[in-house]
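# Coordinates in review
Chain by chain, the residues run as shown.
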Amino acid sequence: MTENTKSPKLLSPVKIGSVSLNNRVVMAPLTRSRSGEDRIPNPLMAEYYAQRASAGLIITEATVISKQGIGWLNSPGIYTDKQGEAWRPIVDAVHNKNGKIFLQLWHTGRASHSSFHDGKLPVAPSAIKLNEDYIHTPTGKQPYETPRALETDEIPGVVADYRKASERAKYAGFDGVEIHGANGYLIDEFLQSKTNHRSDRYGGSIEKRFQFLREVTEAILTVWDSDRVGVRLSPNGGFNDMGSSDYRETFLYVAEQLNTYNLAYLHIMDGLEFGFHELGEPMKLSEFRPLFSGALIGNCGYTQEKAEAAIQAGDADAIAFGRPFISNPDLVERFAHNWPLNPDADMSVWYSFDAEGYTDFPTYQEAKTA
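Cut-off values and rules
- Residues numbered from 1 in each chain as written.
- Predicted model: local features only at pLDDT ≥ 70, side-chain atom pairs only at ≥ 80, totals over all residues.
- Heavy atoms only, no water.
- Helix = DSSP H or I, 4+ residues; strand = E, 2+ residues; numbered from the N terminus.
- Rg over C-alpha atoms; globule rule 2.2 N^0.38 Å.
- Buried < 20%, exposed > 50% of the residue type's maximum accessible area, 1.4 Å probe, protein only.
- Polar contact = N/O pair within 3.5 Å; in protein donor to acceptor, adjacent residues only side chain to side chain.
- Contact = heavy atoms within 4.5 Å.
- Expected span 1.5 Å × (residues − 1).
- Axes fitted to C-alpha atoms, helices over the stretch in contact; angles between N-to-C directions.
- Parallel < 35°, antiparallel > 145°, perpendicular 65-115°, else oblique.
- Left-handed = near helix turned anticlockwise from the far one by under 90°.
- Nonpolar A, V, L, I, M, F, W, Y, C, P; charged D, E, K, R; others polar.
- Pairing = 2+ DSSP bridges.

### Quick look at the overall build of the protein
Along the backbone of the protein there are twelve helices and 14 strands. By the compact-globule yardstick of 21 Å for 370 residues, the protein fits well, its C-alpha radius of gyration being 19 Å. With the C-alpha coordinates of the protein rotated into their principal frame, the extents come out at 60 × 45 × 40 Å. Within the protein, the proportion of its 370 residues that are buried is 59%.

Spelled out as structure tokens, the structure:
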């Protein structure tokens, strides 16, 4: 699919870890809230992902590893065997269209609310409230609460939840897993000095703040080969009230440490469209390239042209696209043939809980013949 000279590199095959991809267009993880209250993946989700299987790699929506990790309405889980088994038809649907799919492992940390947890406070590295207006909960919009700091002896149990979730992902047939270490959720909260004020072995220095992610990574590597595991980071992000003064030092250290595990890729949200903490110059992919020998995936606000340029420059091996994949299930084909994109989906249908705004976007060929 390289006939279009506009994107010869973006549309060329690549091997990320041990996984061979047909192109370098990655479908970014997109929370879409279609799993219902039981958080069990379903046939509607299988249709949605199969529609987008021409992506070189699909990274699933964030999937909670435990009940404690819940913080979003109707997001899928993988903390029960039933949930794990329900992912298999989705994986099969993507594989049947010659696609590849990784599961993203998620714990929302302080970005949650007691109404998700039978009245118990959400957990975090430290009891520091998320300074945003409100969160959508099972009982409607609610103000954020001050979370409960995890006790030191509780943390191995959370690490074990990541390991068990990764086991279910492997059983379901996924091609790999991505550790969600971005966007102000639990792992990011441990990494950043703004949200981690601990005085035990999980807080203080950058080395200690990295310890939780280190343990999660090592636990998952008891299940998966390292070349089928990726990590997502958001060094520039202000989403969920994040941003630390030592962000550059922190994330360069994290990349350097993750490099020792021979992971498949590092997924860096280097773009600023998701919010920027404005604490200094934004970090660029080129800063991470010398420190990480695996693949680098850029993300956030890329156009087809910018993606091609980043890969041509050697800064990225692939680029993840989010919003364009919502309304363009055939995004890769549109890039390949220089077809125009569908208009962006209205935010009102991003989380409609049903097929509207989810599986009802036409491909270019369908729209042309309608």
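Still more ground to cover, so stick around.
### Here we look at the side chain of Asn328
Along the polypeptide, Asn328 turns up in the loop between α10 (323-327) and α11 (331-337). Among the polar contacts made by the side chain of Asn328, one reaches the main-chain amide nitrogen of Asn342 at a distance of 2.7 Å. What Asn328 contacts, discounting residues up to four positions off in sequence, is Arg334, Leu341 and Asn342.

### Notes on the side chain of Ser244
Relative to the assigned elements, Ser244 resides in the loop between β11 (229-233) and α7 (247-259). A distance of 3.1 Å separates the side chain of Ser244 from the backbone nitrogen of Lys194, its partner in a polar contact. Look past the residues within four positions of Ser244 in its chain and what remains in contact with it is Gln192, Ser193, Lys194 and Leu279.

### A word on helix α2 (residues 81-95)
Count 3.6 residues to each turn of an α-helix, and residues three or four apart come out pointing the same way. When the terminal C-alpha atoms of α2 are compared, their 21 Å separation across 15 residues agrees well with the 21 Å that a helix rising 1.5 Å per residue should span. In the core, the buried residues of α2 are packed alongside α1 (43-51), β4 (57-64), β5 (101-106) and α3 (155-171).

### Re the packing of α1 against α2
Where α1 contacts α2, the axes come no closer than 8 Å and their chain directions differ by 25°. As far as their axial angle goes, α2 and α1 are roughly parallel. The way α1 lies across α2 gives a crossing that is right-handed. Along the contact surface, α1 presents Met45, Ala46, Tyr49 and Ala50, while α2 presents Trp87, Pro89, Ile90, Ala93 and Val94. For the contact of α1 with α2, the residue count by class is nine nonpolar, no polar and no charged.

### Quick look at the pairing of strand β12 (residues 265-269)
The two faces of a sheet get side chains in turn, since along a regular strand they alternate between them. With five of its five residues buried, β12 lies for the most part within the structure. Judged by which residues are buried, β12 turns out to be covered on both faces: Tyr265, His267 and Met269 on one side and Leu266 and Ile268 on the other are all buried. Here four bridges tie β11 to β12, and the two strands are oriented parallel to one another. When the bridges of β12 are listed, Arg232 appears paired with His267.

### Description of unusual backbone geometry
A positive phi is found at Asp241, a non-glycine position, where the angle reads about 60°. As for its position among the elements, Asp241 is in the loop between β11 and α7. On the basis of relative accessibility, which here comes to 14%, the residue Asp241 falls in the buried class. For Cys300, which is not a glycine, the phi torsion comes out positive at approximately 105°. With respect to the helices and strands, Cys300 occurs in the loop between β13 (295-299) and α9 (304-312).

### With respect to the sheet that holds strand β10 (residues 176-180)
Spatially, the eight strands close up into a barrel ordered β3-β4-β5-β10-β11-β12-β13-β14, and their pairing is parallel. Across the sheet, the mean angle from the axis of one strand to that of its neighbour is 25°, orientation sign disregarded. Relative to β11, β10 runs parallel, the two sharing four bridges. Counted as the bridge partner of Glu178 is Gly230 from β11. Of the strands in this sheet, β5, β10 and β11 are in contact with helix α6 (residues 211-220), which crosses β10 at around 170°.

Shape descriptors only; they carry no functional weight alone.
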